[in-house]
Amino acid sequence: MARRALFIFSFLFTAAAVIAAIALWGHSRFTAPGPLVGEMAVIIPHGAGFDAIAGQLTGAGVLADPLVFRIGARISGADKGLRAGEYMFTARISAEQALALLKSGKTVVRRLTVAEGLTVRQVVDQLQATEGLSGEIGRWFAEGSLLPETYHFSYGDLRLDVLKRMNGAMSQTLTRLWGRRLPGLPLKTPAEALILASMVEKETAIPEERARIAGVFMNRLGRGMRLQSDPTVSYGLTLGAGPLGRALSRADLAIPTPYNTYLIDGLPPGPISNPGRQALAAVMRPLETDELYFVADGAGGHVFARTLKEHNRNAAKWRKLRKDSAAK
């Protein structure tokens, strides 16, 4: 009887030792550095089961052994609630660390930068071409209603949701800046400020000029002068589908459209672009100036004038520069 008890004890002791050794070996494999030689992004699709995820990570070279990953996850209870998305796995990441990353839901943050002065059509086209976004947009947004800046998103986010964020950001920014505007501006509503900001945005890419150009437009509005802004003419010809693709001609300036500020009084009926924060701020707090005219200087900026005579001289110089440049 004693011999049998000794045998059972020896068997159980040996079995326990074997199990402990296996567990120790498994834990060491679970926590050991993995085979991944460099950083790698892996997209875990929605609806993927745990075994499928283990196989995907093994195929991508993140895991050396899917069995160790599966056993370790199930023992720790971490095999439930793994989140889909795009994850960045670092070099030599262990199975344990890979599991913790999937459990955390800390997906890759992508960035989309929308430049100032694009039309809604151009922004939509950019979103359609952005890798990682999904879904049809299905609705339209008014011109000028999207705030240009850098937006963060995760793989699989909806294009429409990103556009809604842009729209909300513009609404909040416009409301905030309108509340800080200088008194006495010849603008009745935030909508009018948005229209003028869209024009300032298209007139210059030089930040230092925005408030000055806004000041010129304010002076012209205050005196009842037509704004005579070339970008509004271009928009009237394209209606925001894209750039005109050529220089404006004298004939273009005579084409009647609701946006041709050479022919209409006051502001055009709507924005001609999506202006950025600086253009919006420039319109709300324009430079105090007595200038009424500006024309390109041939170097990316503008020359400003107080009188028509002075402006005509500046315009003649600009035309000569264009002519000389075209002849080269």
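Quick caveat: nothing in here was measured; it's all calculated off a predicted structure.

S.K.: Looking at this structure, how should I read the nonpolar core?
M.R.: Soluble globular proteins tend to pack their nonpolar side chains together in the buried interior. Judged by nonpolar contacts, the single largest core of 48 residues is most densely connected at Leu 163, Met 166, Leu 187, Leu 196 and Val 283. Secondary-structure elements contributing two or more residues to this core are helix H5 (120–129), strand E4 (150–153), helix H6 (159–178), helix H7 (190–203), helix H8 (207–223) and helix H11 (277–284). Top contributing element to this core by residue count: H6, with nine residues. Setting aside anything within four residues of it in sequence, one finds Leu 163 in contact with Val 123, Val 124, Leu 127, Ile 137, Phe 141 and Leu 146. By size, the runner-up hydrophobic cluster in this structure holds 22 residues, among which are Leu 36, Leu 57, Leu 82 and Leu 102.

S.K.: Before we go on, may I ask you to explain the packing of H6 against H11 in this structure?
M.R.: As a packed pair, H6 and H11 sit with axes 10 Å apart at the nearest point and diverge in direction by 25°. Taken together, the axes of H6 and H11 are roughly parallel relative to one another. In the crossing of H6 with H11, the sense of the turn from one axis to the other is right-handed. Here Met 170, Thr 173, Leu 174, Arg 176, Leu 177 and Trp 178 of H6 lie close against H11, whose contacting residues are Arg 277, Leu 280, Ala 281 and Met 284. The residue inventory of the contact of H6 with H11, partitioned by class, reads seven nonpolar, one polar and two charged.

S.K.: So what exactly am I meant to see when it comes to the packing of aromatic side chains here?
M.R.: To describe a pair of aromatic rings, one takes the distance between the centres and the angle between the planes. Following the criterion strictly, the structure yields five aromatic pairs and no others. Measuring from ring centre to ring centre gives 6.5 Å for Tyr 87 and Phe 89, while their planes differ by 45°; the resulting arrangement is tilted. When its relative accessible area of 0% is taken as the criterion, Phe 89 is described as buried. Consider the rings of Phe 217 and Phe 294, whose centres lie 5.7 Å apart with planes at 75°: the pair is edge-to-face.

S.K.: Can you help me understand H6 in this one?
M.R.: Three- or four-residue spacings in an α-helix give side chains the same orientation, since the helix completes a turn every 3.6 residues. For H6, which comprises 20 residues, the first-to-last C-alpha distance of 29 Å matches the rise-based estimate of 28 Å (1.5 Å per residue) to within 8%. Residues Arg 159, Leu 160, Val 162, Leu 163, Met 166, Ala 169, Met 170, Thr 173, Leu 174, Leu 177 and Trp 178 constitute the buried set of H6. The inward-facing, buried residues of H6 contact strand E3 (110–113), H5, E4, H7 and H11.

S.K.: Can you walk me through a nonpolar patch on the surface in this structure?
M.R.: Taken together, the side chains of Leu 67, Ile 71 and Ile 75 define a hydrophobic patch exposed on the protein surface, amounting to about 320 Å² of accessible area. Note that Ile 71 resides in helix H3 (residues 66–76).

S.K.: What exactly am I supposed to notice about the side chain of Glu 209 here?
M.R.: Relative to the helices and strands, Glu 209 is located in helix H8. There is no salt bridge for the buried Glu 209, and the closest opposite charge comes from Arg 212, which lies 6.5 Å off by N-O distance. If near-sequence neighbours (up to four positions away) are discounted, Glu 209 is found in contact with Thr 204, Gly 301, His 302 and Phe 304.

S.K.: Teacher, can you tell me more about H7 here?
M.R.: Between its first and last C-alpha, H7 extends 20 Å over 14 residues, near the 20 Å set by a 1.5 Å rise per residue. Of all 14 residues in H7, ten are buried, a share of seventy percent or more. Looking at the buried residues of H7, the elements they touch are H6, H8, helix H9 (230–238), H11, strand E5 (293–296) and strand E6 (302–305).

S.K.: Just checking my understanding: could you explain the pattern of salt bridges for this structure?
M.R.: Between side chains of opposite charge, pairing is possible as soon as their charged atoms come close. In the structure shown here, the tally under the stated rule is ten salt bridges. Of the charged contacts, one joins Arg 277 and Glu 149 as a salt bridge, the two residues approaching to 2.7 Å between their closest N and O atoms. Of this pair, Arg 277 sits in helix H11 while Glu 149 sits in the loop between H5 and E4; the two residues are 128 residues apart in sequence, bridging distant segments of the chain. Note on Glu 149: relative accessible area 25%, which makes it partly exposed.

The rules behind these values
- Each chain has its residues counted from 1, running along the sequence as written.
- Residues qualify for local features only when their pLDDT is at least 70, as the model is predicted, and side-chain atom pairs are given and counted only at 80 or more; totals for whole chains, interfaces and linings, by contrast, use all residues.
- Think of the side-chain values as coming from all heavy atoms in the structure, minus any hydrogens and water.
- Residues belong to one nonpolar core when they are buried, are Ala, Val, Leu, Ile, Met, Phe, Trp, Tyr or Cys, and are joined through side-chain atoms within 4.5 Å.
- When accessible area is computed with a 1.4 Å probe and restricted to protein chains, residues below 20% of their type maximum are described as buried, those above 50% as exposed, and intermediate ones as partly exposed.
- Put simply, DSSP H or I for four residues or longer makes a helix, DSSP E for two residues or longer makes a strand, and each gets a number counted from the N terminus.
- The contact criterion used is simple: two residues touch if any of their non-hydrogen atoms lie within 4.5 Å.
- Between N-to-C directions, angles cover 0 to 180 degrees, with each direction set by a line fitted to C-alpha atoms, over the stretch in contact for helices.
- Angles are sorted into four bins: roughly parallel if under 35 degrees, roughly antiparallel if over 145, roughly perpendicular if 65 to 115, and oblique for all others.
- Less than a right angle of anticlockwise turn of the near helix away from the far helix marks a crossing as left-handed, whereas a clockwise turn marks it as right-handed.
- Each residue receives one of three labels: charged for Asp, Glu, Lys and Arg, nonpolar for Ala, Val, Leu, Ile, Met, Phe, Trp, Tyr, Cys and Pro, and polar for the others, Gly being one of them.
- Only rings of Phe, Tyr and Trp enter the pairing, Trp through its six-membered ring, and a pair is recorded when the two centres are within 6.5 Å. The plane angle decides the type: under 30 degrees is stacked, over 60 is edge-to-face, the rest tilted.
- To estimate the expected span of a helix, count its residues, drop one, and scale the result by 1.5 Å.
- Here, patches come from residues exposed beyond 30% relative accessible area and free of salt bridges, joined within 9 Å for like charges and within 5 Å for nonpolar side chains (Val, Leu, Ile, Met, Phe, Trp, Tyr).
- Under the convention used here, a 1.4 Å probe and the Shrake-Rupley method define accessible areas, while residue burial counts only the protein chains that appear.
- The salt bridge criterion pairs a side-chain nitrogen of Lys or Arg with a carboxyl oxygen of Asp or Glu, the two atoms within 4 Å.
- As used throughout, the charge tally considers Lys and Arg to be positive and Asp and Glu to be negative, leaving His and the chain termini uncounted.

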